[in-house]
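If you want the building blocks of each chain, they are given just below.
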Protein chains: 2
Amino acid sequence: MDKIRLYEVFEKGFTDLKSMEPVKFEATFTNGTDKYTVNLFADGANRYLVRFLPQKTGQWDYSIDLDGNVVKGSFLCEGRDSNNHGLVKAIGDRFQYEDGTRYLPFGTTCYAWTHQTEELQQQTIDTLKASPYNKIRMCVFPKSMPYNENEPELFPFHKKEDGAWDVNQPNADFWHHLENRISQLGQLGIEADLILFHPYDRWGFSKFTHEEDLIYLKYCITRLSAFHNIWWSLANEFDFVPGKLFEEWDDFGNMVLAVDPYRHLTSIHNGFVVYPKKPWMTHCSIQGDAQKTITWKNKYDMPVLIDECGYEGDIEYSWGNLSAFEMVNRVWTAVTRGGYCTHGETYHRDDEVLWWAKGGLLYGESSERIAFLRKLLESIPENLQLVQKHLFNINPNDHKDSSNINTDNPIIKSLFSLPEHERDAHLLNFMPNMISSASYRLHYLGRQRPSIMDYTVPENGKYQIEVIDVWEMSRTLLHDEVAGNIKLRLPGKEGIAILVTRLEGDSLVD
Amino acid sequence: MDKIRLYEVFEKGFTDLKSMEPVKFEATFTNGTDKYTVNLFADGANRYLVRFLPQKTGQWDYSIDLDGNVVKGSFLCEGRDSNNHGLVKAIGDRFQYEDGTRYLPFGTTCYAWTHQTEELQQQTIDTLKASPYNKIRMCVFPKSMPYNENEPELFPFHKKEDGAWDVNQPNADFWHHLENRISQLGQLGIEADLILFHPYDRWGFSKFTHEEDLIYLKYCITRLSAFHNIWWSLANEFDFVPGKLFEEWDDFGNMVLAVDPYRHLTSIHNGFVVYPKKPWMTHCSIQGDAQKTITWKNKYDMPVLIDECGYEGDIEYSWGNLSAFEMVNRVWTAVTRGGYCTHGETYHRDDEVLWWAKGGLLYGESSERIAFLRKLLESIPENLQLVQKHLFNINPNDHKDSSNINTDNPIIKSLFSLPEHERDAHLLNFMPNMISSASYRLHYLGRQRPSIMDYTVPENGKYQIEVIDVWEMSRTLLHDEVAGNIKLRLPGKEGIAILVTRLEGDSLVD
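Quick summary incoming for the structure in this document. Remember, it's a predicted structure, so these values are computed and weren't measured experimentally.

The next thing to look at is the pattern of salt bridges. Applying the stated rule across the entire model yields 63 salt bridges over all chains. One salt bridge in this structure joins Arg51 of chain B and Glu11 of chain B, with 2.8 Å as the shortest N-O distance. One end of the pair, Arg51 of chain B, is in strand β5 (residues 48–52); the other, Glu11 of chain B, is in strand β2 (residues 10–14), and 40 residues separate them in sequence. Note that Glu326 of chain B is salt-bridged to Arg330 of chain B, the shortest N-O span being 2.7 Å. Taken together, the residues Glu326 of chain B and Arg330 of chain B, both in helix α6 (residues 324–335) and four residues apart, mark about one turn of the helix. Connected through salt bridges with shared partners, the residues Glu11, Asp43, Arg47, Arg51, Glu179 and Arg223 of chain A form a single ionic network.

The structure is reproduced here in structure tokens:
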């Protein structure tokens with residue numbers, strides 16, 4: 001009997017099947033009470049493949065119906081490879097792998113890396129291997145915009161006689177190539193946050209009819225769902241894609257839901273307008289201010305990834321010339337506001353090989369610091385939750401109602417007389433960047449740089465206080481055993497965090 | 001005949017006048033068709049003073065009516081002292097002195113400096129003398145808050161028998177002292193932006209009845225109006241002063257208008273809520289984001305001073321721990337968005353002498369850079385006006401109407417589908433920090449740090465391009481003679497400005 005490992009792709013091919021449909025035929029996979037039905041998909045002329053991702057060990061029996069010709073068989077699914085923890089799932093506002101291991105997303109962005117030369121792609125893989133990144137935002141379609149003028153070698157479809165793309169004729173070479181890259185990422189423990197549509201197009205992929213979009217999507221999802229490390233990102237900047245209606249994106253999300261039997265993580269990324277919460281959505285993939293992580297968390301009640309907040313670099317565009325410190329600052333801000341934040345790099349090069357689009361090498365200074373943060377979080381055995389409190393002692397979950405606040409205080413009175421969006425912006429500003437568990441509290445001061453600070457830990461217990469310099473990547477013990485109200489002496493510079501560890505006594509969370 | 005110089009205080013005192021009213025009796029001053037009527041004010045027991053600020057040379061005749069006993073006389077007003085340019089006036093969105101000299105406000109903040117020891121006040125004066133600051137925000141009343149626990153020596157009023165302040169009994173020693181300081185500032189060319197009310201009070205000055213407030217105000221304005229370098233700031237953070245109604249502030253403004261015959265610059269400074277435009281207001285004195293200088297400029301059609309945007313320092317409070325770079329960045333941002341921005345400094349000291357409240361010494365690194373900016377602006381002989389344009393080619397003065405924009409562009413469509421406040425925030429972000437005249441353009445890149453940039457100057461002419469490093473305080477010639485579209489190679493760091501100078505040809509303003 002065939003054997004495969006848990007969370008790895010089972011694949012079977014059939015030739016001489018005369019059909020012109022990209023997705024056709026059906027297969028069922030059964031293991032005890034677990035039963036999955038998937039479609040086959042075209043893989044070149046007259047050839048179809050079926051793929052399946054087992055998420056349970058033991059014997060799987062399959063039955064493949066090729067228009068009446070039923071092929072039956074079995075394979076044995078053995079324990080997982082130690083590097084493969086299975087699909088990432090959203091649990092509350094955090095992520096974990098299928099096997100229960102915690103997953104802390106530290107993503108980067110290389111939109112069109114699979115559309116570059118073989119040599120450059122290999123360099124990207126090598127760079128990723130040495131990087132802190134365990135998620136990558138990447139597009140199915142090639143990218144057209146400044147620094148992206150080169151033609152890709154492969155396209156996802158063949159063309160019709162009139163020169164238009166034929167979504168009914170997928171280009172097997174393109175998809176094999178993409179799959180190889182997704183597999184390589186999987187082996188490196190990197191999630192492929194695959195962008196299904198985007199606006200930066202000169203070939204016509206963003207201008208399919210709605211019917212063509214759905215044919216493409218059904219094919220893509222049928223074909224790639226069996227990769228454990230796939231995430232579906234419906235779009236990069238959905239609202240910037242010309243001509244698509246708001247409702248079409250909902251159709252796309254529902255298509256993912258209908259076709260992907262494993263429920264891979266699914267999101268839609270915005271330009272200006274954040275897409276409303278939908279049943280197919282598993283998390284927020286936001287373009288915007290890292291400070292607003294809390295806003296999205298409260299609004300969507302899902303994990304929040306700030307998937308675009310600007311990139312470390314020095315190109316002309318405002319989104320691509322953050323200092324390394326500011327990139328690090330935004331990642332820390334999102335993380336200590338209960339979310340995550342995705343890296344990107346755009347240093348001008350005359351050869352136009354910029355990491356954010358093409359991959360290659362990283363030249364910046366933020367990745368090393370992001371690695372430091374990742375290690376720090378991984379060294380903390382508990383998931384840290386956002387601490388929602390602020391200066392004015394207003395219930396942050398109920399600040400539309402002013403009845404619970406002290407309105408004798410003229411500052412609060414003034415605040416509550418502001419238009420709602422202005423008030424909320426102030427309240428957001430006044431909330432600390434603080435995440436905590438019973439035994440650990442991580443408090444990031446951002447660009448604030450006090451040299452002295454009144455600080456409170458519980459009265460009843462012993463707590464250790466460390467000062468973290470996010471740029472120097474240092475941890476310095478400030479107090480080895482304190483309790484109650486203390487006065488901290490801090491470095492008085494930007495990019496300082498305070499890590500409190502409970503040695504004994506009361507929980508750090510109220 | 002008495003002689004005084006233009007813009008200097010004419011003063012005459014009368015004793016043995018039995019009255020309990022702080023402001024009483026009337027005087028008229030006449031010079032040709034110019035006629036001013038002012039009140040006298042109590043200056044200790046049975047003593048009254050009249051003051052007058054001549055703004056025209058030649059002979060002034062006065063007539064002072066002391067309840068029927070009319071005192072007449074004359075004095076000769078000679079040409080101004082070379083250091084005294086007279087009152088500052090708002091002209092459009094800029095300022096100039098009475099004598100026509102341009103005034104570029106570079107302010108600082110020492111709220112309670114006149115309430116400190118004699119020695120410390122002298123040190124403040126010495127520090128100001130060596131500083132770039134030509135305006136200072138300072139309070140009539142003493143200040144109570146962290147770092148402000150010491151008791152002042154003098155108070156503006158005597159107390160009643162029950163221990164409450166008696167606004168009808170001004171303390172002449174207090175006012176003489178304050179006036180001496182205002183005079184000293186005047187001699188240094190520094191405008192005294194005098195704060196009439198503020199919330200940080202433990203003595204009861206913020207808790208007068210409305211009637212008491214008006215008695216105090218009438219006295220203060222009558223007494224101090226004749227100083228050429230007085231500005232009236234109705235409040236620091238008016239909306240944080242407990243118990244005062246919104247309309248009371250309008251009464252205060254109208255009182256200024258009624259009592260001050262010279263129309264000194266008058267503003268009201270906010271905490272959260274910016275006060276609406278009123279006839280007594282000559283300019284905006286904003287607490288808020290320097291980026292919004294444009295917003296206030298367009299809304300108020302007046303000069304905009306960001307009088308509080310945080311302070312360089314390292315204290316615990318978010319408003320008092322900006323880096324020196326960020327302080328400089330905010331000043332540059334406000335200036336290149338068509339306004340001005342006020343400095344302050346709050347470095348923690350165990351002796352609690354922080355510049356922002358008490359004066360003393362400056363320890364920070366921003367003042368030197370603000371001096372550099374002041375010199376740079378003064379070296380440009382023309383007033384530079386805000387260039388209101390942005391990336392999307394939307395008419396910034398009419399962006400509520402989307403009919404004038406290209407709505408085929410999905411990015412603009414998305415932008416215009418946002419709630420108004422979100423759209424406006426994006427539009428504000430996309431506007432450059434750029435001020436220009438026909439011959440000079442100053443373009444500040446803020447925290448953006450391109451190393452390469454497509455740049456446009458008019459086709460028809462010759463233009464010089466300099467790169468300014470706002471932190472290093474350097475001006476570097478980049479191109480000595482260019483025209484049309486050029487590619488700039490820039491340092492790729494934060495805090496860079498571009499100064500374009502027309503050598504010949506078309507105006508830099510469309």
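The structure having been displayed, the exposition proceeds.
Most often, soluble globular proteins keep nonpolar side chains buried together rather than apart. Judged by nonpolar contacts, the single largest core of 117 residues is most densely connected at Leu194, Leu196, Tyr216, Leu224, Trp249, Trp332 and Leu442 of chain B. With eight residues, the top contributor of residues to this core is α6 of chain B. Beyond its immediate sequence surroundings of up to four residues, Trp249 of chain B is in contact with Phe197, Leu234, Ala235, Phe238, Val241, Lys244, Ile268, Tyr275 and Trp280 of chain B. Counting residues in each nonpolar core, the second largest holds 115 residues, with Tyr147, Leu194 and Val256 of chain A together with Phe416 of chain B among its members.

Our focus in this paragraph is the sheet that holds strand β23 (residues 385–386) of chain A. Residue and element names in this part refer to chain A. Taking strand neighbours across the sheet as the criterion, the six strands line up as β23-β24-β25-β30-β27-β28 in an open arrangement whose pairing is antiparallel. Every interior strand has two partners, whereas the edge strands, β23 and β28 (474–482), have only one. For strand β27 (residues 461–469) and strand β30 (residues 496–505), the ladder comprises nine bridges, and the chain directions are antiparallel. From the neighbouring strand, Asp469 faces β30, where its bridge partner is Ile496. Strands β24 (433–436), β25 (440–444), β27 and β30 of the sheet are contacted by helix α6 (residues 324–335), whose axis makes an angle of about 140° with β25.

This next bit is on the interface of chain A and chain B. At the interface, 41 residues of chain A touch 41 residues of chain B. Interface area for chain A against chain B, summed over the two sides, is near 3,300 Å², with a carbon-plus-sulfur share of 54%. Per-residue buried area on chain A facing chain B is highest for Phe272, Glu316 and Arg449 of chain A; these three make up 23% of the total on that side. Where chain A packs against chain B, one counts two salt bridges. Its salt-bridge partner being Asp350 of chain B, residue Arg489 of chain A comes within 3.4 Å of it at the nearest N-O pair. Inspection of the region where chain A meets chain B yields 21 residue pairs in polar contact (both at pLDDT 80 or more). Residue assignment for the side of chain A that touches chain B shows that the elements contributing at least two residues are β20 (312–313), α9 (410–416), α10 (420–430) and β26 (452–456) of chain A. At four residues, the largest contribution of residues to the side of chain A that touches chain B is made by α9 of chain A. The residue makeup of the side of chain A that touches chain B, split by class, is 20 nonpolar, 11 polar and 10 charged.

So, on to the relation of the copies chain A and chain B. There are two copies of the chain, and a rotation about an axis plus a shift along that axis relates them. At an RMSD of 0.0 Å, chain A and chain B line up after a rotation of 180° and a shift of 0.0 Å along the axis. Look at the turn and shift together and you get a two-fold axis relating the two. Closest approach to the rotation axis within chain A is made by the C-alpha atom of His421 of chain A, at a distance of 3.9 Å. Same-surface contact between copies: 100% of interface residues of chain A are shared with the interface of chain B.

Take the sheet that holds strand β1 (residues 2–5) of chain A next. Two strands in a sheet stick together by hydrogen bonds in their backbones, pointing the same way (parallel) or opposite ways (antiparallel). Residue and element names in this part refer to chain A. The strand order across the open sheet built from seven strands is β1-β7-β6-β3-β4-β5-β2, with neighbouring strands paired in mixed fashion. Looking at which strands have only one partner, the edges of the open sheet turn out to be β1 and β2 (10–14). Pairwise comparison of adjacent strand axes, ignoring direction, gives a mean angle of 30° for this sheet. Where β1 and strand β7 (residues 69–78) come together, four bridges link them in parallel fashion. Within β7, the residue paired with Ile4 across the bridge is Cys77.

Parameters and conventions
Residues numbered from 1 in each chain as written. Chains lettered and ligands numbered in written order. Predicted model: local features only at pLDDT ≥ 70, side-chain atom pairs only at ≥ 80, totals over all residues. Heavy atoms only, no water. Salt bridge = Lys/Arg side-chain N within 4 Å of Asp/Glu carboxyl O. Helix = DSSP H or I, 4+ residues; strand = E, 2+ residues; numbered from the N terminus. Core = buried A, V, L, I, M, F, W, Y, C linked by side-chain atoms within 4.5 Å. Buried < 20%, exposed > 50% of the residue type's maximum accessible area, 1.4 Å probe, protein only. Contact = heavy atoms within 4.5 Å. Pairing = 2+ DSSP bridges. Axes fitted to C-alpha atoms, helices over the stretch in contact; angles between N-to-C directions. Buried area = accessible area lost by both parts, 1.4 Å probe. Polar contact = N/O pair within 3.5 Å; in protein donor to acceptor, adjacent residues only side chain to side chain. Nonpolar A, V, L, I, M, F, W, Y, C, P; charged D, E, K, R; others polar. Least-squares fit on C-alpha atoms with pLDDT ≥ 70 in both.

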